Amino acid sequence: MATLKGPGAAETHDGSKLRIGIIHARWNKTIIEALVNGTKKSLKQQGVKEENIVVESVPGSYELPLAVQRFYAASQVQGASSAVAGGVATVTSGIGDLLGGSASQTDLHGSLQPGEPEKQAGVTALRHAFDAVVAIGVLIKGETMHFEYIADAVSHGLMRVQLDTGIPVIFGLLTVLNEGQGLARAGLEGGKGLQSNGHNHGEDWGNAAVELAVKRRAWA
Ligand code: DLZ
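The model shown is predicted, which means the values in this text are computed figures rather than measured ones. (Residues numbered from 1 in each chain as written. Predicted model: local features only at pLDDT ≥ 70, side-chain atom pairs only at ≥ 80, totals over all residues.)

Student: Could you clarify how one ought to interpret the overall build of the protein in this entry?
Tutor: Along its length, the protein carries seven helices and six strands. When the helices and strands of the protein are placed in sequence order, the string is β-α-β-α-β-α-β-α-β-α-β-α-α. Pairs at least 24 apart in sequence give 70% of the contacts found in the protein among residues at least 6 apart. (Helix = DSSP H or I, 4+ residues; strand = E, 2+ residues; numbered from the N terminus. Contact = placed C-beta atoms within 7 Å.)

Student: Is there a simple way to explain the nonpolar core in this structure?
Tutor: Among the nonpolar cores identified, the biggest contains 46 residues, and Ile20, Val68, Val133, Val134, Ala135 and Ala209 are the most heavily contacted of them. The biggest single contributor to this core is strand S5 (residues 132-140), with seven residues. The residues contacting Val133, other than those within four sequence positions of it, are Gly21, Ile23, Val68, Phe71, Tyr72, Ile167 and Val169. (Core = buried A, V, L, I, M, F, W, Y, C linked by C-beta atoms within 7 Å. Buried ≥ 20, exposed ≤ 12 C-beta atoms within 10 Å, placed from the backbone.)

Student: I tried to follow the environment of Tyr149 on my own but got confused; where do I start?
Tutor: By the secondary structure assignment, Tyr149 is in helix H5 (residues 146-165). Given 11 C-beta atoms within a 10 Å radius, Tyr149 is considered exposed. Between the C-alpha atom of Tyr149 and that of Tyr62, which follows or precedes it by 87 residues, the distance is 9.3 Å.

Student: I would appreciate a short explanation of the site of the ligand in the present structure.
Tutor: Around the ligand, the structure places 15 residues, and the nearest of them are Ala25, Trp27, Gly60, Ser61 and Tyr62. At the level of secondary structure, the elements contributing two or more residues to the shell around the ligand comprise S5 and H5. Sort the elements by how many residues they give to the shell around the ligand and S5 lands first, with four residues. When grouped by side-chain class, the residues that make up the shell around the ligand number eight nonpolar, six polar and one charged. (Near = placed C-beta within 6 Å. Nonpolar A, V, L, I, M, F, W, Y, C, P; charged D, E, K, R; others polar.)

Student: Quick question: what am I supposed to make of unusual backbone geometry here?
Tutor: Glycine aside, the phi torsion of most residues is negative, and most peptide linkages are trans. The phi torsion at Asn28 lies on the positive side, around 65 degrees, for a residue other than glycine. Mapped onto the fold, Asn28 is located in the loop between strand S1 (20-25) and helix H1 (29-45).

Student: Any chance you could explain the confidence of the model for the protein here in plain terms?
Tutor: Here the protein averages 79 in pLDDT, and 70% of its residues register 70 or above. Low pLDDT, under 50, characterises residues 79-127; the stretch is placed with 86 contacts to residues that sit more than four places away or in other chains. Predicted complex metrics record ipTM = 0.99 and pTM = 0.79. (pLDDT = per-residue confidence, 0-100.)

Student: Sorry, what's going on with the pairing of strand S6 (residues 169-176) here?
Tutor: Two faces, one strand: in a regular strand the side chains alternate between the faces of the sheet. Two strands pair when backbone bridges link them, and S5 and S6 are joined in this way by eight bridges, in the parallel orientation. Opposite Gly137, over in S6, you have Leu173 as the bridge partner. Taking the sense of rotation as the criterion, the β-α-β connection linking S5, H5 and S6 turns out right-handed. (Pairing = 2+ DSSP bridges. Right-handed = clockwise from strand over helix to strand, strands pointing away.)

Student: What should I look at first to understand the sheet that holds S5 in this one?
Tutor: What links the strands of a sheet is backbone hydrogen bonding, and the strands pair in either a parallel or an antiparallel sense. What the four strands build is an open sheet, ordered S2-S1-S5-S6; its pairing is parallel. On the outer flanks of this sheet lie strand S2 (53-58) and S6, each paired with one strand and no other. Ignoring which end each strand starts from, the neighbouring axes of this sheet average 15 degrees apart. Direction of pairing for S1 relative to S5: parallel, over a ladder of five bridges. Counted as the bridge partner of Ile20 is Ala132 from S5. Against the sheet, H1 makes contact with S1, S2, S5 and S6, and its axis sits at roughly 155 degrees relative to S5, the strand it touches most. (Axes fitted to C-alpha atoms, helices over the stretch in contact; angles between N-to-C directions.)

Student: Can you help me understand the environment of Phe71 in this one?
Tutor: You can see Phe71 is positioned in helix H2 (residues 64-84). Judged by local crowding, Phe71 falls into the buried class, with 27 C-beta atoms found within 10 Å. A C-alpha to C-alpha distance of 16 Å links Phe71 and Gly172, two positions 101 residues apart in sequence.

See the structure below:
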């Protein structure tokens, strides 16, 4: 039977000029990996180039809001010189540096194309270094109040970063009551009595990132 839930058929958009960040927590690794893969799959289906998908991780979901904020800031800082010079932005170190991890060599060309009016405005242009960021985490309810506090803080934090920066932050936080519910929402077989219908929510998040990134440009 068809379900009424979900975003319906994804709209099709041209993601070929977009640069998308994915930041994921590492808690509940199996589920996270499937969600990240699902997100990447739909980003690519919408035309986003592999080299324009930048993936970074943090320990747990609680770290996501700051990481998204710094990820965005890092892309601003790192892109500065080349954007001002009118060239294509190249990032020589990613959020790994800022968070104390390993540096990554990431080519960020894509949305900062030479000749774009906003690029000539120098720093202002850098607001477009990422067209959208997908924040992915899996919170599984335990015996204590941890779940409630983290879910609440992360939800508010991600919304705040989105509104503060004006860059779409896609809410890829699963807040589930048990592991089976998480597996099912990642397109994996769930626990007892929890059959997955094979749908991976990460795919919805990738589609949402492209749609919002494209529409946000039109709304600017
Ligand atoms: C501490 C904690 C717990 C209990 N559960 C989860 C979880 O289910 N999913 C998740 O992403 N992170 C969890 N964490 C870790 C916190 O998010 C955070 O990384 C630590 O409290 C350190 O700030």
